[in-house]
Structures are given as structure tokens and as C-alpha cells.
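Remarks on the overall topology
So the chains spell out like this:
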Amino acid sequence: MIEMKAVSLTYPNGAQALSDIDVSIQSGEFVFLVGPTGSGKSSFLRLINREEIPTSGKILVDSQDLSILKRSKVPFLRRKIGVIFQDFKLLLQKTVYENVAYALEVIGTPRYEIARWVNRTLSMVGLGEKAHHFPGELSGGEQQRISIARALVNNPVILLADEPTGNLDPETSWDIMQLLAQVNQKGTTLLVATHNKNIVDTMRKRVIGLAEGRMTCDQEKGAYSLAKAESAPGECP
Amino acid sequence: MNAASVSTVMILVMILGIFLLLAMNLNHMAENILQQLQITARLTPTLKNEQIQELKKKIILIPEVSSAEFISKDEAFRRLQKNLGRSISISDVGANPLPNYFEVSLKSPREIELVAGRITKLPGVETVRYGQDLSRKIISVSRVVYWTGTVFVILLLVSTLFIVSNTIRLTVFARRREIRIMQLVGAANWFIRWPFVIEGMLQGLGGALLSIFLINIFYPFLADSVKNAFIFVPILPPELVIPRLTALLLAAGVLTGAAGSIISVNKFLHLT
């Protein structure tokens, strides 16, 4: 589903975000991306979404070569990819329902389908009752559920989560991770960039470790502690 | 809609309109003077009638020429007498000293120099005269007016573009969250762009309409008072200029408005 071959990314200001990344993620996988702040986790996700173009190397997403993808085709790539963020990125003047429906409206979905999809997705994330509230009236965990619903309403094949639990308390973080795991169970390829050692160690999914833009570790059923910067590249102790 | 931006666009479009009016009128005056210029082609005295007819055909065949009138030496003398008030007769001067000649009028007076040159080369033509100095001066002045005008118009259009694109940039910035979300969920670029483009066009349109309104009030008044004060100045009548000017200014306002907002939105879309 996602293939990176010798991918490097240098920002225009000269900062080296990623160097020489080789990775292959299959359809339906659940992958944690771990590493300290500034290790390149967000850049990794931004490459998949084609918010960044690699300085060198090649990326294939759903068999499409992103380095030769025309700018006008980028929106169609993004319709296959849902994204959620630490800060939720909700529109506070719109209701829960409207926030989720917005994602369908702006890609030209017919109105009658919008209602069906939005209601279905909202009840899936457990917000069926709160459709007509405004985000500001809800808790952090519920707000993250809205953003998950918005990312999923379009039935993406890939879901990218950038620190989805970064602003949430431990208990709520667990709820959110359970929800994401459910989504993954249904077949969506899931990439979660996180700091949360506890969650990574408990869930035992594939872990890709990053430090200073390099892959330090890639392990099935890995753990956070195993993906530290000291470990040799490519193998985990 | 932003009142500051619309009123700035209005002022710019109005300056543009005033400038165009000025240029159109100057051009009109120049044409007016040039239109009255004729080429006088003196013929060699020995030319026979058939040769004169032949020559007339050749002159008329020049594409820029609209008519060529033959004036015989007798007719020329009669005209001279008339001008001098019949105070001379042929007997006073012994023989008619005047030549036969053609009076040539032109379709495109700006080509007068070229046409005069061609007529000079025709066999049977002795000398050619036309308002050489005057036509050169008018043509060079109108060329200067044309080029300064073009530069000025471009500058005004560019300023309008900047004003609109700046305002739209602020609007885009205010809505950056929504735009970011639209990009993330895969809204097409045109979908993100069109509301801003319409807003830019409306700003241009608003500014243009206001300035057209003002010009519609002031120009007829101005044209009238110029006409009354200087009867010999050929000022363009409002009913002739204003429709054309309206179309030009509307197009200028709307198109620069659209272009200005496209510039701003594109800059933003490619940055994120």
C-alpha cells in the first residue's frame, strides 16, 4: 500500500527532515511511528499525503508514484487518505454534523448521500447523539472523535494519525486508540505517529523508530523501548 | 466585500477612465486635423488629356487614396481670382502661370507621407505638396500619447491587481483553517479557488461600476462646457464614447479582480 525507496527530504531552509528511508507497508497494516520530537514522524506522514515531495527517492501510495503525480491529481490521492491531528483541526463555528459533512461537501458528494454517510460514521465513533452540538461544547476525546469521523466518512484506504492522543488524558487516549484499532480491523491501513510509550508497548503492533530523520528500527510486534535511537539501524535489540 | 478595497479600485478605474477619455479625445482631434489634409500633385504642363486620365486611374489605385480631383489650370486660376476677390485677370499676368493639378484625399491620413512619396514617383507628376510639417508633428505627438498612454494604463491595471490581490490575501488568511481542511480531505483546487475569484471579480466590478457612474455624470457636463467655450475643439460626444468606455472599464475591473485573487489564492495553495 505504501512503498518508500531511498527517500530523503530536505526542507528549503536546509533542515534535513528524513534521510534514506526504505519501508514497505502492506494494505491493512497497523504501524506505529515512534521517535522524539523532530525525529521526522510528521514529515513521514506528510510525504504520504503528498504535502511534501521527497528531495530524492521514490514513494508509491496505492501503486501511484507520488513524485510524478500531477498537482491537479493530488486532491484525488487525498480522497483515499484520512488524516487526524493532535489539535483536531475542527471548524468551531460548525456543528459536529457539519464538520463531518464538510469533508464530503467539498468533494462534491450528493446531499442525500452525505446525510447517510455522516450519520453512519458519527454513530460508529460514538457521537450519534451529539451531532448537533458545537465542538466547543464537547470534551477533548469527543473532539478527536469528530476529527476521526471526518477522516473516515469518505472511506479512505489509509488513515494517518499525527499524535492523535497528544492532547488527551491517558484514559481518553485509550478510547481513541481502541477506536482506531477498530477502524484498522475493518481493513484500513493505519499509521500512527506517537510519543505514547504506554500505548505502543501495550498494543504490540509494527513499530518504526525514527531518530534525526533516520530509521532506527522496524519491528513486528515491537515496543517503544526497543525503538530507541541507540539501537542499530534496521535491527532492534 | 471590502469597502476600502472597492473604493481604491474605484479610484484607480476612474483614473483609468479619465485617462482613456483624454486619449480618445486627443486621438479624435488628431484624426480631425489629419482628415482635412490633402495632397496637391502638380502635373507637368505638357501632359495630354488621355495621359491625365491615365494618371488619375493610377492615383486612385493606391489603396490609401479615397479620391483624386483634377483641377485644371483654368479652374485653378478661377479659384485664385475668387480668393483674391477678382482683382486680377489673365491679361494682368500675360498667361496663366498656374499648373494643372490633382487634389488627393486619403482614407487613412496617417499614411500621407507614404502616399505622397508614391505619387511623386508617378510619371507626369512634377511636384507634390501636403501639410508635411503639420502631419509629421501630429503623428509624432499622437505616437507619444499612445505610448505614454499604454504605459500608464498598464501601471494602473497592475496597481488594481495589487490592491485586489492584497485584500483577497487577507480573506484567504482569515479562512486558512477551512482551506487547510479542504486540502486535506481532497477538495479540488478549483473548488477552493472559485469563491475567492468571485469575490475578487465582485470587487473589481464594484469599483468599475462606481467609477462608470461618476464618469457618466461628469463627462457629458465637461463635454458640454468645452464645446460651448471652444467651438473649434472637436470633443467626442458622450453618447459615442461612454458605451465603449463602460465596456472597457468593466472588463478591466472584473478581469484584474479575477487575476488578482487567483494570484493570491494560488500563492497560498502552493505554500501549504
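Residues numbered from 1 in each chain as written. Chains lettered and ligands numbered in written order. Predicted model: local features only at pLDDT ≥ 70, side-chain atom pairs only at ≥ 80, totals over all residues. Heavy atoms only, no water.

A few words on the overall build of chain A. When helices and strands are tallied, chain A shows seven helices and ten strands. Taking the principal axes of the C-alpha coordinates as reference, chain A spans close to 50 × 40 × 35 Å. Here chain A holds 237 residues, and 55% of them are scored as buried. Taking all contacts inside chain A whose residues are at least 6 apart in sequence as the whole, residues at least 24 apart take part in 65%. (Helix = DSSP H or I, 4+ residues; strand = E, 2+ residues; numbered from the N terminus. Buried < 20%, exposed > 50% of the residue type's maximum accessible area, 1.4 Å probe, protein only. Contact = heavy atoms within 4.5 Å.)

As a further point, take the sheet that holds strand β1 (residues 2-10) of chain A. Residues and elements named next belong to chain A. With antiparallel pairing, four strands are arranged side by side in an open sheet as β2-β1-β4-β5. Looking along the sheet, the strands with just one partner apiece sit at the ends: β2 (16-25) and β5 (64-65). As paired elements, β1 and β2 share six bridges and run antiparallel to each other. Within the sheet, the bridge partner assigned to Met4 lies in β2 and is Val23. Relative to the sheet, helix α1 (residues 41-48) contacts β1, β2 and β4 (56-61), its axis offset from that of β1 by approximately 120°. (Pairing = 2+ DSSP bridges. Axes fitted to C-alpha atoms, helices over the stretch in contact; angles between N-to-C directions.)

This brings us to the domain arrangement of chain A. Residues and elements named next belong to chain A. With domains assigned, chain A is organised as domain 1 (1-80 + 157-237) and domain 2 (82-155). A straight line from the C-alpha centre of domain 1 to that of domain 2 covers 24 Å. Contacts between domain 1 and domain 2 engage 21 residues on the former and 19 residues on the latter. With both chains or domains summed, domain 1 and domain 2 bury close to 1,700 Å², and 61% of this area falls on carbon and sulfur atoms. One can count zero salt bridges joining domain 1 with domain 2. Between the two partners, domain 1 and domain 2, sit eight residue pairs in polar contact (both at pLDDT 80 or more). When contributions to the side of domain 1 that touches domain 2 are tallied by element, the ones reaching two or more residues are β7 (158-162) and α6 (170-185). Considering every element that reaches the side of domain 1 that touches domain 2, the biggest residue donor is α6, with six residues. Considered class by class, the residues forming the side of domain 1 that touches domain 2 number eleven nonpolar, four polar and six charged. (Domains from an automatic or database assignment. Buried area = accessible area lost by both parts, 1.4 Å probe. Salt bridge = Lys/Arg side-chain N within 4 Å of Asp/Glu carboxyl O. Polar contact = N/O pair within 3.5 Å; in protein donor to acceptor, adjacent residues only side chain to side chain. Nonpolar A, V, L, I, M, F, W, Y, C, P; charged D, E, K, R; others polar.)

The subject of this paragraph is the interface of chain B and chain A. With 14 residues of chain B in contact, the opposing surface of chain A contributes 21 residues. Taken together, both faces of the contact between chain B and chain A bury some 1,600 Å²; the carbon and sulfur share is 57%. At the junction of chain B and chain A, the tally comes to one salt bridge. A salt bridge links Glu51 of chain A to Arg180 of chain B, with the nearest nitrogen and oxygen atoms 2.7 Å apart. Applying the counting criterion to the chain B and chain A interface returns four residue pairs in polar contact (both at pLDDT 80 or more). Put simply, the parts of the chain that give the side of chain B that touches chain A at least two residues each are α7 (176-184) and α8 (189-229) of chain B. It is α7 of chain B that contributes the most residues to the side of chain B that touches chain A, seven residues altogether.

Further remarks concern the environment of Pro156 of chain A. All names here are of chain A. The topology assignment puts Pro156 in the loop between α5 (140-152) and β7. Spatially, the C-alpha atoms of Pro156 and Gln219 are 25 Å apart, while their sequence positions differ by 63 residues. If we ignore the near neighbours within four places in the chain, the residues touching Pro156 are Arg79, Lys80, Ile81, Gly82, Ala151 and Thr188.

The next thing to look at is the sheet that holds strand β1 (residues 39-43) of chain B. Residue and element names in this part refer to chain B. Strand order in the open sheet made by the four strands is β2-β3-β1-β4, with antiparallel pairing throughout. Looking at which strands have only one partner, the edges of the open sheet turn out to be β2 (65-71) and β4 (125-129). Neighbour-to-neighbour, the strand axes of this sheet turn through a mean angle of 20°, independent of strand direction. Examined bridge by bridge, β1 and β4 share four bridges and lie antiparallel to one another.

Our focus in this paragraph is a nonpolar patch on the surface. A cluster of nonpolar side chains, namely Trp190, Trp194, Ile198 and Leu202 of chain B, defines an oily patch on the protein surface of about 450 Å² accessible area. If you trace the backbone, Trp190 of chain B turns up in helix α8. (Patch = residues over 30% accessible without salt bridge, like charges linked within 9 Å, V, L, I, M, F, W, Y side chains within 5 Å. Areas by Shrake-Rupley, 256 points an atom, 1.4 Å probe, with all protein chains shown as cover.)

Take helix α4 (residues 111-124) of chain A next. Residue and element names in this part refer to chain A. With 14 residues, α4 extends 20 Å from end C-alpha to end C-alpha; this agrees with the ideal 20 Å at 1.5 Å per step. For α4, the complete set of buried residues consists of Ile114, Val118, Thr121 and Leu122. Looking straight down α4, one finds that the buried residues subtend no more than 100° of arc, so they occupy a single side. The secondary structure elements touched by the buried residues of α4 are α3 (96-105) and α5. In the stretch just after α4, Gly126 is the one whose phi turns positive, near 85°. (Expected span 1.5 Å × (residues − 1). Arc of directions from axis to C-beta.)

Turning our eyes to something else, we now look at the packing of helix α1 (residues 3-35) of chain B against helix α6 (residues 132-174) of chain B. Residues and elements named next belong to chain B. One way to put it is that α1 packs onto α6 with a least axis distance of 10 Å and a crossing angle of 170°. If you check the angle between α1 and α6, you find them roughly antiparallel. α1 and α6 meet at a crossing whose hand is left-handed. Taken together, the residues that form the contact of α1 with α6 break down as 20 nonpolar, eight polar and no charged. (Parallel < 35°, antiparallel > 145°, perpendicular 65-115°, else oblique. Left-handed = near helix turned anticlockwise from the far one by under 90°.)

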